[in-house]
Every structure is written in C-alpha cells, then in structure tokens.
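The chain contents come next:
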Amino acid sequence: MKANDTKIETFLQGSKQFVVPLFQRTYSWEKEDIEKLWTDLKATRDDPDYIHFFGSFVTMPIPTGPGIPDEYIVIDGQQRLTTIFTLLVALRNQIIHLDPDYLNKDEIDEMYLINKFQPQFKYKLIPTQADRTIFNNLVDDPDPFLDNTHMLFDVYDYFKNKFSSLGSIDKLIEYKDALLSRFMVVDIYLESGDDPYLIFESLNGTGKPLTQSDLIRNYLFMRFDQNDQDSQERYYRKLWYPMQQELQDNLEYFIRHFLSINGVLPNFNKIYSVFKEKYDVEAKNQDDVIKLMEELHRYAGYYAKFLNPEKESNENIRSYFGKFKRLEVTTPYPLLLALYNDYTKKSDEKGRIETEVFLECLKSIETYVLRRAVCKIPVNALNQYLPTIYSSLNPENMSESLKDMFKNAKGSRRMPDSEEFKKCFKDGIMPKKTIRYVLEEIEKYPDNKELVDPSTLQIEHIMPQTLTDEWKNELGADWELIHKKYLETIGNLTLTGYNPEYSNKPFKEKNSMENGFKKSGLRLNAYLSTFDTWNKEGIMKRANYLLRIALELWNMD
C-alpha cells in the first residue's frame, strides 16, 4: 500500500476511470454534508493561503490493456468523490450558461469529467448501479431536467444555485481553482498482495458510518475476484440488490434473525462481527460466498412474507403471518425462518414438513406468544430462547415436539398454564395491542364470514373512563372500587366504530341507541345486548364468556 499527498487536480487528471463497486451503498450525503463542503470551499476560495484537507481516497488499480484508461476500484471515499464530480458538473454548466463562447469552457469536461478520446470509457467516474444513469445524465446534459427525487439531483441543484448567485465567470474560476489546487487529499492505492477488505474494514473516510448490512455486503463482494467485475455485477443484480430492495430498512433485522436460526441472537452492533466470524470459517472461496448469498436471498424471501403476509400464497399460512404482524412480535422470526425453510423444501428433500404440520407449529407459536402477552411476561428471555428451539426439535414429529418445548419451558421462558392464563385473562390489564388482538380473534371465532374490517374499529370502555352520576348509581355503593378494578379488564372492553358517539352515555342508551350494541354488526356486541344493566356482575360474566372462547382459540392440549 502506498500513500501520497496530492491535489484534487492531480488525483483526477489523466486518462483514468474510477469504478465504484456495484455492491457499495448508493449516494447518501445529506444536506448538512453538502453545506459543510460548500463552507470549506468558500473558506478556501476566500483565503489564497488556506489549504483544505479533504480526507483520503483508497483505490485498487485493476490491470488494463493498451489504449485503455487506468482503472481504479474505489475502496473508500466514493461519497466524497461522487460529490466532487457533481460539483464540477454544476460549475461547468454555469460557465457555459454565462458565456457559451468562453475559451476554456471545455476544460472541466476534458480534464476532469470525461476521457474525451476514449468514448467507450467516457466517464471518469462509474458510480454504483443505482446512481449510474442519473450521474451520466448530469455529465452529458449542460441543462439537465431535474424531475427526480434522487439525492444526486438535490446535490447538483444545491451547487447550481450557489454558482448561479456568483454572477461572473471570474468568480466561478476562483472557486474552480480553490477546489482543484487547494483541496488536498491522501491518495492511498493498494499494491499486489494487499487485502482490500482488511483495508476497507479499518477505514470509513469522513462520510456517514456504514451500517451493519453495508459492512456485510462489502465483506461478501470483496471476497470475489476483484478482476472479475462481471461476476460481481451478475450476482449483485441477481441476489443482493433484489433482497436489499425488498427488505429496505428491515435488511439488518433479517440478517440478525438469519444468524440466530440455530443459535443466539446477536446484539445489533455485533451483527457484522458475528457474521464475519462465522463465514470466515464456513465460506472459504468465491463459490462458497455465492452459495451463502443464494441462501440469504432465499431466506430473505421468507422474511419478506413475515413483513408483508399478502405475499404468501397459502391462505392459512398467510393468516398466521398476519397474526404475528398484528401482535407486533418478531422474537419467533428465527424459528419461523427455519420452519418455513423446511416447509418449502421439495418433497424428496430431507427434513421437509407438510403444510398441516407447519400450520400446527404456527398455531403453537401463536398460542405461546399470546398467552405470555396476556400475562405480561417480559419478552427479553425469548430473544435468547426461541433461536435455540429449532435444533432441539424432533424432525420426525416437529409439531408435537414444539408443543412439548413450550409446555415444559420454565421460569421467564414459560408458557402460562390454564390456571395462570385464566386469572390473567379475566382480572389482568393487558397491553392495548394484546386487547385489540384478543377481541378481533374472538370476533372471528369460529368462522365469521361477515367480519367488519377491524382497522376501522376502536376499543370501547363499556363502563366509561369518566363516570356520570347515572353510572355511579348503576354500579352501586362500591362504584369507586369497581371502576378502579374492572375499567381496563377484558370483560369491560369491546370493539366499535362509534366510540365518540357512545362516550360516557348510560349502558341502556349505549345498548338501544342508533348503532348501539343491539344493532351492532359485531358478535362481541350482540352478546352485550342480552344485558339490561352493566355492573360488576355483568363485567365478570362477560369476562368468563370471552375466556371460554379464548381457551378454545389458544390451547396447547
């Protein structure tokens, strides 16, 4: 590895091409980053003796043939490099706009932006795939149409506005000279035998910190033969990019859960280090890396269905994925990934499980999670427990062994038995999302084909949160104690689309009014219409009624 201090001018000049690997992240500088660059450039322009250090660029030369520009893979510094090129485009365009006949109007183009006499290698910067077309359009068009939300357009527009406010070519040239002659960089280029990834790991320039998934992506693709750009592009397009696009901000969560399928869930800031430690051993060469990426791509497809259940074709499985999403629970995802992989195997593959077995497993997971949520048992222990379950299951009888695991779990990992569940269900105060889920599922039971869209409904307190004198009389002498103890319990809660209309009206009025309980389209409220008054006895009776259904829905016998 060699390093030289040099000017931006020297770094960019000559017949050369900087290639940002396709697996690098897309352009991501924010407004504050751009504003800081402009402040630094302005300070450099205003003081002829000021030299600004703009960080380091790490590149790796790629052997080329005669008549071909020197080619460099950008290991570190792509964000700053792309920004400088975009600034130069804006500067060039403003010079042309002020004086189309300016003698040196082509200087920026021919010396810093393009390889004029090698049209097949025209652009000196080849950005990553997602940025390439937009960058090329900016370079090619002296008056680009900015009808786009891409960040590069924002950067170009920012510098265009700054330069257009200067008003003269002399001032523009001052800024050009300040950038090219007094912005200093460290040009670090790798030599034969240097490991580009070890270098990359230790550097992050002056840009935004890399995410765990950024590091993993770069780790994978830097283990390809760096002289074989075609293979990198092919597998990036085929495997990584679709996965990245589909999961977006959930990519890191997916990799975290993928890593824990047969083990322990890593901390978020350890995802990359755990991944690297594991696959430094298991993925020895490029073929192994490709197989790993194929596996990641396949499991990412499963994960996408957890996040977007409508992608699942099997109606019953889709329903369970929707249930986990509504419960806002992700702790079972490592176990779900492993089980879903077994479900999708071909009929002659070892370890395949049938649809019915998979559905039984999903029901057990739902019951386990729901019972714990009703009894408000903290979920922390599940982060370390659920990832370990799969490897302990009996492959000959997956659903039964999964039930046994849940039923026999102890302490913070336990599933509440029937007695604990009954008490928590009737007398406890459940989290709001759990209450909504329980009421929605009871409304569906056993097969309600006229179900109202639950997303349009609110949770209604039958005995209201604020008691009127009428309510106090209805509740009796112990109204204060009853209100405090039973207000938020399941027996006093229902679903309705008319929560504001009900307000704290007396029970009889809620029952008989237009769109009241008697005329409700919900089974939950049809049962309420059988009561003439609402008090402690009514609340307890309804809690027992709901409990009987809950025990049918969430049993593990």
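Please refer to the structure higher up on the page.
No experiment lies behind these values; they were computed from the predicted model shown.

The sheet built from 6 strands is open, its strands ordered 1-6-3-4-2-5 with mixed pairing. The open sheet has two edge strands with one neighbour each: strand 1 (2-7) and strand 5 (125-126). Relative to strand 5, strand 2 (residues 16-19) is paired through 2 bridges, and the arrangement is parallel. Bridge pairing in strand 5 links Val19 to Ile126.

Residue Pro446 is reached from Tyr445 by a cis peptide bond, and omega for that bond is -5°. Counting through the fold element by element, Pro446 comes out in the loop between helix 20 (432-444) and strand 7 (458-461). Its identity as a non-glycine residue notwithstanding, Asn515 has a phi of 65°, on the positive side. With respect to the helices, strands and loops of the structure, Asn515 is situated in the loop between helix 24 (507-512) and helix 25 (523-528).

Moving on: the pairing of strand 4 (residues 70-76). Among the 7 residues in strand 4, 5 count as buried, and that is most of the element. Examined bridge by bridge, strand 2 and strand 4 share 4 bridges and lie parallel to one another. Within the sheet, the bridge partner assigned to Val19 lies in strand 4 and is Ile73.

So, on to the pattern of salt bridges. Applying the stated criterion to the full structure yields 30 salt bridges. Two residues, Glu420 and Arg414, come together in a salt bridge whose shortest N-O distance is 2.8 Å. On the basis of relative accessible area, Glu420 is assigned to the partly exposed category, the value being 23%. Of the charged contacts, one joins Glu488 and Lys432 as a salt bridge, the two residues approaching to 3.6 Å between their closest N and O atoms. A residue pair is termed long-range when its members are at least 10 positions apart, and Glu488 in the loop between helix 22 (479-486) and strand 8 (493-496) and Lys432 in helix 20 qualify at 56 residues.

In this structure, Ile365 sits in helix 16 (residues 355-374). Along the sequence, Ile365 and Ile108 sit 257 residues apart, while their C-alpha atoms lie 63 Å from each other. With sequence-adjacent residues up to four places away left out, Ile365 is seen in contact with Phe324, Pro332, Leu335, Leu336, Leu339, Leu402 and Phe406.

Right, let's talk about the nonpolar core for a bit. Leu220, Trp240, Phe254, Phe275 and Phe425 are the most contacted members of the largest nonpolar core, which has 97 residues in total. Ranked by residues supplied to this core, first place goes to helix 13 (residues 286-307) with 12 residues. Residues Phe11, Leu41, Ile108 and Ile134 belong to the second largest nonpolar core, which totals 53 residues.

Attention now moves to the packing of aromatic side chains. Applying the stated rule across the entire model yields 43 aromatic pairs. An angle of 50° between the planes, with centres 5.5 Å apart, marks the rings of Phe54 and Phe183 as tilted. On the criterion of sequence distance, the pair formed by Phe54 in strand 3 (residues 52-62) and Phe183 in strand 6 (residues 183-189) is long-range, its members being 129 residues apart. Exposure remark for Phe54: the relative accessible area of 6% places this residue in the buried category. Ring centres of Tyr437 and Trp554 lie 6.4 Å apart, and the angle between their planes is 35°; on these two criteria the pair is classed as tilted. Residue Tyr437 is located in helix 20, and its partner Trp554 is located in the segment after helix 26 (536-553); the two are separated by 117 residues in the primary sequence. Looking at Tyr437, the relative accessible area reads 1%, which means it is buried.

Here is what the cut-offs are and how they apply
- Residues numbered from 1 in each chain as written.
- Predicted model: local features only at pLDDT ≥ 70, side-chain atom pairs only at ≥ 80, totals over all residues.
- Heavy atoms only, no water.
- Pairing = 2+ DSSP bridges.
- Helix = DSSP H or I, 4+ residues; strand = E, 2+ residues; numbered from the N terminus.
- Buried < 20%, exposed > 50% of the residue type's maximum accessible area, 1.4 Å probe, protein only.
- Salt bridge = Lys/Arg side-chain N within 4 Å of Asp/Glu carboxyl O.
- Contact = heavy atoms within 4.5 Å.
- Core = buried A, V, L, I, M, F, W, Y, C linked by side-chain atoms within 4.5 Å.
- Phe/Tyr/Trp six-rings, centres within 6.5 Å; stacked < 30°, edge-to-face > 60°.

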